[in-house]
Amino acid sequence: MSGINKQFYHSVRLDREKCKGCINCIKRCPTEAIRVRDGKAKIIKERCIDCGECIRVCPYNAKSAVTERLDDIFNYRYKVAIPAPTLYGQFNNLTDVNLVLTGLKYLGFDDVYEVAKATEAITAFTKKLIADGELMRPVINSACPTVVRLISVRFPNLLNHVLPLISPMEVAAKVARREAVEKTGLRPEEIGVFFISPCAAKATSVRNPLGCSKPLIDGVISVKEIYLKLLPIMGKIEKVEDLSTCAFAGVNWASSGGEVAALDSEKYVAVDGIDNVVHLLEEVEDDEKLDLDFIEALACTGGCVGGPLTVENNFVAKTKIKKLAEILRDKGQTSIPVPIENEELVWDSPVVYRNVMNLDDDMTVAMQKMERMRQIYDDLPQLDCGSCGAPSCKSLAEDIVRDFATETDCIYKLREKVRELARQMIELEEKMPGSFNADDREY
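Residues numbered from 1 in each chain as written. Predicted model: local features only at pLDDT ≥ 70, side-chain atom pairs only at ≥ 80, totals over all residues. Heavy atoms only, no water.

Peer 1: Help me understand the overall build of the protein chain, please; the structure alone is not making it clear to me.
Peer 2: In terms of helices and strands, the protein chain carries 15 helices and 11 strands. In terms of its C-alpha atoms, the protein chain occupies a principal-axis envelope of roughly 110 × 50 × 40 Å. Taking all 443 residues of the protein chain together, the buried fraction comes to 51%. Long-range pairs, those at least 24 residues apart, make up 79% of the contacts in the protein chain between residues at least 6 apart in sequence. Per element, the accessible surface of the protein chain, about 21900 Å² overall, is 50% carbon and sulfur. Here the protein chain contributes 58 positively and 68 negatively charged side chains, and the mean placements of these two sets differ by 4 Å. (Helix = DSSP H or I, 4+ residues; strand = E, 2+ residues; numbered from the N terminus. Buried < 20%, exposed > 50% of the residue type's maximum accessible area, 1.4 Å probe, protein only. Contact = heavy atoms within 4.5 Å. Areas by Shrake-Rupley, 256 points an atom, 1.4 Å probe, with all protein chains shown as cover. Lys, Arg positive; Asp, Glu negative; His and termini not counted. Charge placed at Lys NZ, Arg CZ, Asp CG, Glu CD.)

So, in C-alpha cells, the structure goes:
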C-alpha cells in the first residue's frame, strides 16, 4: 500500500518573521523537507518527520515545537502525568526519582504513571516474539516515532522489519487511564493523560499515532517547560511520596542502548543520531548480510536524553540517567508486572509507505517528469552546495519539475546566464549603428 492517506499534523513549526534565510536547516533535514525561497525557509509538510533537527540547528530560533501548556491539564477533572525517564536526567544530584514524581503532583497532576515502567511490558513481549521467530530479522525498534516515520518515507522496504508494537508512552497511557477510571469512577474522557516529552515527534505521534487507530494521549508537555516549573519547588517539598514502581532497566531506556540492554540480545546494534540511523538503514536495505537480531535506532544523539525539548546537555543527562539506574539496581527495586495483555501491545493499524516522490497522478506524465528531472540534474553542477535554497542538486531538479524553482536559482547556472547575456550585449553593441569603432576615427 502506498501514497499519503491523510494530512499529517506536525508539531514542528516555522516562524517566518524570525527566519533569516540561512541554509543550516536544509542541510540537516534527513528527508529534504525544507527549502529556502525568497529569503525564507519553507517546510514541505508531506516530507517532514518532526525529527526536530531544524529546531536544534536554527541560530535564530525560527523553528519550534508546538506542545500543550501546563495549564491545559486543568481542562480535565482528573489529571495523570506520564513522564518520560528523560525527565529524571535533567536535574543535578538527583538520587530519588520520587522527588520528581511528587513534584509533578505539586504542579497540579492528580497521579503519575512512569513510562519507564511501561517499557517492561514491551521488553517482555519483544523477547517472546523474537524467541518464537515471528519477526523479520533484523528487527527494528518502534519506540522512536521519528525513526518509524523516516522508514515510512525513505525506506519502505524495511517496514516489515519494524517491531509492530505500540510505544511505551502509549502503553503507559492505556494503563494509566484504565487505573484512573477504576480509582475515580469517572468516564475515560474526563481523565486527562499527558505525556512529558523530550521531543517534537512524540507531540506529532499523539495526534497521528503510529500503529494505533485512535489517539491514546490527551496532550504533550515539553520536558523543558516541566523542568522550569519543577526546579523552584523541588527544595520546598516537605513529604516525598513513594510513587516510583519501575526497575533500573526502564530508566535506562532514556539513553541509547537501554532497550537492547533490557533485551539481553547478543546480536544487536544500538545507533543514535539521525545521520547514523540513515547510514545503518541504508546498509540494511542494501542487504549487506548484517548478522543482527535487533536494531535499536534513536533519532537523537545519545537517545531520548538528546531530544530538542530537553534542557540538559545530552551527554551529561546520559551520565545522570546511568547513575539513577544504578541506584535503583543497588536498591534491588523491582516492579509489579504491568497490567496489560500482550494483544493490547500489538499495532491495530499498519504503518504504510508515504510516497512523497509522486510527481503526478498520471503514470505517463510522472515518467516524463522523471526523465526531465534526470536531464536537469545532469546539467546542474552536482555540488550540493545548498546556495539555491534546496539541499541538493537532485532536489533542485525535482523543484524545477514541480515548478517550485527555476534553473537560475542555481548560482552556477545564473553565472552562466549572466555571462551569456553579457556576451550577447557586447555583440549587440558592436552591431548598433553609430557605435564607436577605432577603425572609423578621422585624423
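Peer 1: When you look at the pattern of salt bridges in this model, what are you seeing that I'm missing?
Peer 2: Proximity of charged atoms lets side chains of opposite charge pair with each other. This structure, assessed with the given rule, holds 31 salt bridges. We note a salt bridge from Glu241 to Lys105, for which the minimum N-O separation is 3.3 Å. Remark: Lys105 occurs in helix 3 (residues 97–106) and Glu241 occurs in the loop between helix 8 (223–230) and helix 9 (248–252); sequence separation between them is 136 residues. For Glu241, a relative accessible area of 30% puts it in the partly exposed group. Classification of Lys105 by relative accessible area gives partly exposed; the value is 25%. Residues participating in the shared-partner salt-bridge network are Arg28, Glu53, Arg56 and Asp275. (Salt bridge = Lys/Arg side-chain N within 4 Å of Asp/Glu carboxyl O.)

Peer 1: Please explain helix 13 (residues 363–379) as it appears in this structure.
Peer 2: Residues spaced three or four apart along an α-helix point in a common direction, a consequence of the helix completing one turn every 3.6 residues. For helix 13, built from 17 residues, the straight-helix expectation of 24 Å at 1.5 Å per residue is met to within 8% by its first-to-last C-alpha distance of 25 Å. Buried within helix 13 are the following residues: Ala366, Met373 and Ile376. Viewed along the axis of helix 13, the buried residues span an arc of 80 degrees, placing them on a single side of the element. Away from its buried face, by an angle of more than 90 degrees, helix 13 presents the exposed residues Thr364, Met367 and Gln368. Residues of helix 13 that are buried in the fold lie against helix 14 (393–401). Two or three places before Thr364, at the start of helix 13, stands the capping residue Asp362, its side-chain oxygen 2.9 Å from that residue's backbone nitrogen. (Expected span 1.5 Å × (residues − 1). Arc of directions from axis to C-beta. Polar contact = N/O pair within 3.5 Å; in protein donor to acceptor, adjacent residues only side chain to side chain.)

Peer 1: Would you explain the packing of helix 5 (residues 145–154) against helix 11 (residues 274–285) in this entry?
Peer 2: Pairs of packed helices are described in terms of their axes, by the angle between the two and the distance that separates them. Contact geometry for helix 5 and helix 11: axes closest at 12 Å, N-to-C directions at 45 degrees. The pairing of helix 5 with helix 11 is recorded here as oblique in orientation. For helix 5 against helix 11, the interelement crossing comes out right-handed. Across the interface between the two elements, Thr146, Val147, Leu150, Ile151 and Arg154 from helix 5 touch Ile274, Val277, Val278, Leu281, Glu282 and Glu285 from helix 11. Here the contact of helix 5 with helix 11 is built from residues that sort into 7 nonpolar, 1 polar and 3 charged. (Axes fitted to C-alpha atoms, helices over the stretch in contact; angles between N-to-C directions. Parallel < 35°, antiparallel > 145°, perpendicular 65-115°, else oblique. Left-handed = near helix turned anticlockwise from the far one by under 90°. Nonpolar A, V, L, I, M, F, W, Y, C, P; charged D, E, K, R; others polar.)

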